[in-house]
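# Summary of the model geometry
Here is how the chains run, residue by residue.
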Amino acid sequence: IFAAGLSVWGWGGLGVVLFLITFGPFAIFYLTFYIFCFVGGGFAVTLLFGKTSSEKHLEKCEHSYLPATPTGILKTLEEMKLEVKPIKIDRRVTGSNFIDEPLQQVIQFALRDYIQYWYYTLSDDESFLLEIRQTVQYALVQFSTRSKEVDWQPYFTTRLVDDFATHLRVFRKAQERLGEKEDPKQRDAPEELLESFFEAEVEMERKICRDVVCTAPKEEEGFLRDLCEVLLYLLLPPGDFHNKNMRYFLREILARGVLLPLINQLSDPDYINQFVIWMIRDSSANYEAFMTILKLTDRPAELEAVKDKVMEELQYLRSLDTAGDDINVIKNQINSLLFVKKVCETRIQRLQSGKEVDALKLAANFGKLCIIPLEHILVHNIALQFFMDYMQQMGGQADLFFWLTVEGYRVTAQQQLEVLQGWQKDGKKQSTQTKGLLKAAALGVYDQYLSEKASPRVQIDQALVEKLSEKLSKEDPTPEIFDDIQRKVYDMMLRDERFYPSFRQHPLYVRMLAELDMLKEPSFRGSDDGEGESFNGSPTGSINLSLDDLSNTSSEESMQLHAFISDTGVCNDHGKTYALYAITVFRKNPDGSEDCWKTYRRYSDFHDFHMRITEQFGNLSTILKLPGKKTFNNMDRDFLEKRKKDLNAYLQLLLNPEMVKACPTLTNYINDFLENKAYSKGKGDFARKMDTFVNPLRSSMRNVSNAVKSLPDSLAEGMTKMSDNMGRMSERLGQDIKQSIFKVPPLIAKSDIDPEHCRISAQLDDNVDDNIPLRVMLLLMDEVFDLKERNQWLRRNIKNLLQQLIRATYGDTINRKIVDHVDFMTAPEQVADYVKRFRDSFWPNGILAETPPRRDKNIRMRTRVAAKTSLLGIMPDELKHIIGADTTRKGILRVFDMFQHQQLNRRLVYVFLEGFLETMFPQYKFPELFVKLYSRSERMHRYSQKLRSTQKR
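Residues numbered from 1 in each chain as written. Predicted model: local features only at pLDDT ≥ 70, side-chain atom pairs only at ≥ 80, totals over all residues. Heavy atoms only, no water.

Let's shift gears to the overall build of the chain. When you go through the chain residue by residue, the secondary structure sums to 43 helices and three strands. Considering only residue pairs separated by 6 or more positions, the chain has 75% of its internal contacts joining residues 24 or more positions apart. Split by element, the accessible area of the chain, about 54,500 Å² in all, is 56% carbon and sulfur. (Helix = DSSP H or I, 4+ residues; strand = E, 2+ residues; numbered from the N terminus. Contact = heavy atoms within 4.5 Å. Areas by Shrake-Rupley, 256 points an atom, 1.4 Å probe, with all protein chains shown as cover.)

Counting across every chain of the model gives 46 salt bridges. Between Glu345 and Lys341 there is a salt bridge; the shortest N-O distance is 2.8 Å. Taken together, the residues Glu345 and Lys341, both in helix H16 (residues 325-353) and four residues apart, mark about one turn of the helix. A residue is classified by how much of its surface remains accessible, and Glu345, at 27% relative accessible area, is partly exposed. Each of Glu221, Arg225, Glu229, Arg247, Arg251, Glu252 and Arg256 takes part in a single network of salt bridges with overlapping partners. (Salt bridge = Lys/Arg side-chain N within 4 Å of Asp/Glu carboxyl O. Buried < 20%, exposed > 50% of the residue type's maximum accessible area, 1.4 Å probe, protein only.)

The next thing to look at is the UniProt feature "transmembrane region" (unreviewed entry) in the chain. In the numbering used here, UniProt assigns the feature "transmembrane region" (unreviewed entry) to residues 6-24 and 31-50. Segment residues 31-50 splits into 100% helix and 0% strand. End C-alpha atoms: 29 Å apart. (UniProt positions renumbered as here; feature names shortened; annotations may be inferred.)

Here we come to helix H10 (residues 217-235). With 19 residues, H10 ought to run about 27 Å at 1.5 Å a step, and its terminal C-alpha atoms sit 26 Å apart, in line with that. Among the residues making up H10, those that are buried are Glu220, Glu221, Gly222, Phe223, Leu224, Leu227, Cys228, Leu231, Leu232, Leu234 and Leu235. Packed against the buried residues of H10 are helix H5 (127-148), helix H9 (211-215), helix H11 (238-242), helix H12 (244-266), helix H41 (902-920) and helix H42 (926-933). (Expected span 1.5 Å × (residues − 1).)

Below, the discussion takes up the packing of aromatic side chains. Inspection of every chain in the model, using the stated rule, returns 36 aromatic pairs. Ring centres of Phe503 and Tyr509 lie 5.4 Å apart, and the angle between their planes is 90°; on these two criteria the pair is classed as edge-to-face. Residue Phe503 is classed as buried on the basis of its relative accessible area of 0%. Linked through ring pairs, Phe223, Tyr910, Phe921, Tyr924, Phe926, Phe930 and Tyr934 together constitute an aromatic cluster. The lysine or arginine in question, Arg247, covers the ring of Phe241, its NZ or CZ lying 4.7 Å from the ring centre. (Phe/Tyr/Trp six-rings, centres within 6.5 Å; stacked < 30°, edge-to-face > 60°. Lys NZ or Arg CZ within 6 Å of the ring centre and 35° of its normal.)

Attention shifts here to unusual backbone geometry. We note that Arg206 has phi near 70°; this positive angle belongs to a residue other than glycine. Turning to its location among the elements, Arg206 is positioned in the loop between helix H8 (190-205) and H9. With a relative accessible area of 33%, Arg206 lands in the partly exposed category. Positioned with a positive phi, Asn845 is a non-glycine residue whose angle comes to about 60°.

Right, let's talk about the packing of helix H6 (residues 153-179) against H8 for a bit. In the contact formed by H6 and H8, the axes pass within 8 Å of each other and the chain directions differ by 125°. For the element pair H6 / H8, the angle class is oblique. Considering only the axes of H6 and H8, their crossing is right-handed. When H6 is examined against H8, the residues Thr166, His167, Arg169, Val170, Phe171, Lys173, Ala174, Arg177 and Leu178 are found in contact with a partner set consisting of Glu192, Leu193, Ser196, Phe197, Glu199, Ala200, Glu201, Glu203 and Met204. Taken together, the residues of the contact of H6 with H8 sort by class into eight nonpolar, three polar and seven charged. (Axes fitted to C-alpha atoms, helices over the stretch in contact; angles between N-to-C directions. Parallel < 35°, antiparallel > 145°, perpendicular 65-115°, else oblique. Left-handed = near helix turned anticlockwise from the far one by under 90°. Nonpolar A, V, L, I, M, F, W, Y, C, P; charged D, E, K, R; others polar.)

Along the chain, the position of Leu872 falls in helix H38 (residues 857-873). Assessed through its relative accessible area of 6%, Leu872 is described here as buried. Not counting the four nearest positions on each side in its chain, Leu872 is found in contact with Ala289, Thr292, Ile293, Arg889 and Ile892.

Laid out in structure tokens, this is it:
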């Protein structure tokens, strides 16, 4: 027994030892834990099994006391669970496959990213999503059907332009009110501008003020909810609209998820500036416009941003390791950037010190002004305006208007006599009627200015007046009948100290030079046109060719002359950068030998030479066309190559044998220009500037005149028009004079409302024609460039000139072209392109785009400068010739400043939205609805009370 017990303990101990050696000393604890878990798990399973069995037993006991469930209800519930509603969705929305395909993708992406991501956390039922999609498609079908029934031409050509011009008028009035404030801080405060703007708006609209919606976010959300509910009523099926859950759900998505973000983006000034740059991306920026913007800006932040970018570019250029020809290009770029940096630093210093310089006062005190001859002033609309205002102040308006009236009479009489001669050749007899009309017109001029009853009367030698009176009574009038008196009047205006001599010392003369862009700084660098000589008043200048030189050279010799531009380079002379063109010249001598040399000319030399020969040989001006003068970065290699090619073509046309045969003496000018010597300019810098201003105006007027003459009117219609013009000429001129002297506004429909306090379209008169788009565009130009401040004679001339230019270009098809363009914009292919762009911008590659972070302040400031430069650079020179360079700049910058205020931009977006909805649903009373929606404005209530109190008085 003892041995058996010992063996048991021995084997047991051995097992324990082996267990501990194998599993470690802590194995006993693990074994104990496993046994405990096994026992506890068995107990838990037994407990749960017993609980479940007990619940089932209790349930059976409870149901035993209730009546049995009818089998019909159970069957119905089972069928409802198994039933799947087949909702068929017609994928056709607009009826055009071009539009429907991308539109369906937009709907799918919108449902996925705005609804499905949270809906699937609540339910897996697809029916709700299908119902939503069906409702959205129904609304789009209703919208598409309605848009097809609308004539969009009046909206795009009249309503849209009218809304923009009216917004600009309100902004201009707000600026004027700010300018009247004495405190400079109030003039520069954005809050004061908003107050002035909405005060001007309520005075103009009278029933609506959008200040609360545009400035209070909560009120804006409420306004959008109310508006969206109205739109849902018009677009949704009645069953869906009366379902409150569905209506509120769609209203919130449309108001807060679609319209509000869209309005935020469209009203962001930085987004508008980027859009402007994108719209004008095809137009090359203008260096002169860029420098003008830097010198005119009143924001130091813009200048600092440009300066920082210049410093980055300078650092990069200085780090380049280059040699050869590239080093000259880099040096030129560095010099240009250093000049821009200096301009920015100077302007920042002036703004921060508060010592802003008035360019007009500076030029007037400086005394060294360009001299514009009186003959040029009288043929230039802009210059004539200021001279007209000056003559009115000095009491010489009768002399000036007499000179202008005689000019108009001469042109009209010459045209009438040409028509008469043509009729006489054809055997038609109209001489008596024509002579009667001419005589009536001549007598009208005489009575208006020279007779004893004329008021005001031209003070001229009485003997000349009596001689003219005798001619008018005894002879048939001719176009030259007033020439003697007109020359006397011209000499009097030219030499009388009260008139032209004093005008050159008057502030109006300085303002005229500013409008003509003749107040450039003498130290301006970087252009390629001239060295800045002073103008001596002579229209021709000096020509360095003697009569002996002209007689010694034959046309046969010139035919042996060949030349071409072989190379182009960039020179830097004391900081002034300009392009130099190397011209290789070959001349074959009579003995058979050939000479070859190179001469170097600048673009300003070509310009001066072109002015000389076109002045001497008038017929060349229609054949020879000199390449354009200015462009941004005029030292760029690509640009220089293009100009080299154009100047080469100019040279080859000039050296053409047929050209030399037609103008034999032209050879002498060509030889002088191509000689290997320094070219002596016959024209000064100012003369070349006058050439760029006066000659384009004259040529454009000739083109318009020719175009008007070539209109396909019958001779009878032409005669009727000419007769009406001749019969009413003196009456119209008299009205023009009265309007110019007394500042009488043009005739419009009588109204109790000041024209300045009404919408632009309310000023459409019946004096032009039925061309509504053209009339609205002219009124828009009135607002942009503030032409109402000009005298009425100039304003009417500008309007007539613009009408003639448009008609000469498009004839009577301007409306048709506008309609065709609107049709093109609303064509299925274009609408499909708009939808695709919207899809690709919001869901690039099918993924919802992230909200872009707000751009850095310096980038936004440089974008402002770039946008202003682009706007100023696209203005055509012809427009500056018509209304003035300074007026053009102010108008463009006013439009730009208007878009730099987000609250004002919101107002413009809402105005466009109102016009769109009123056009889309004309049968509904949207104007009255908007009056109610904007009725929360306290400013509107104050104005209404003010009106009521005024009416009671």
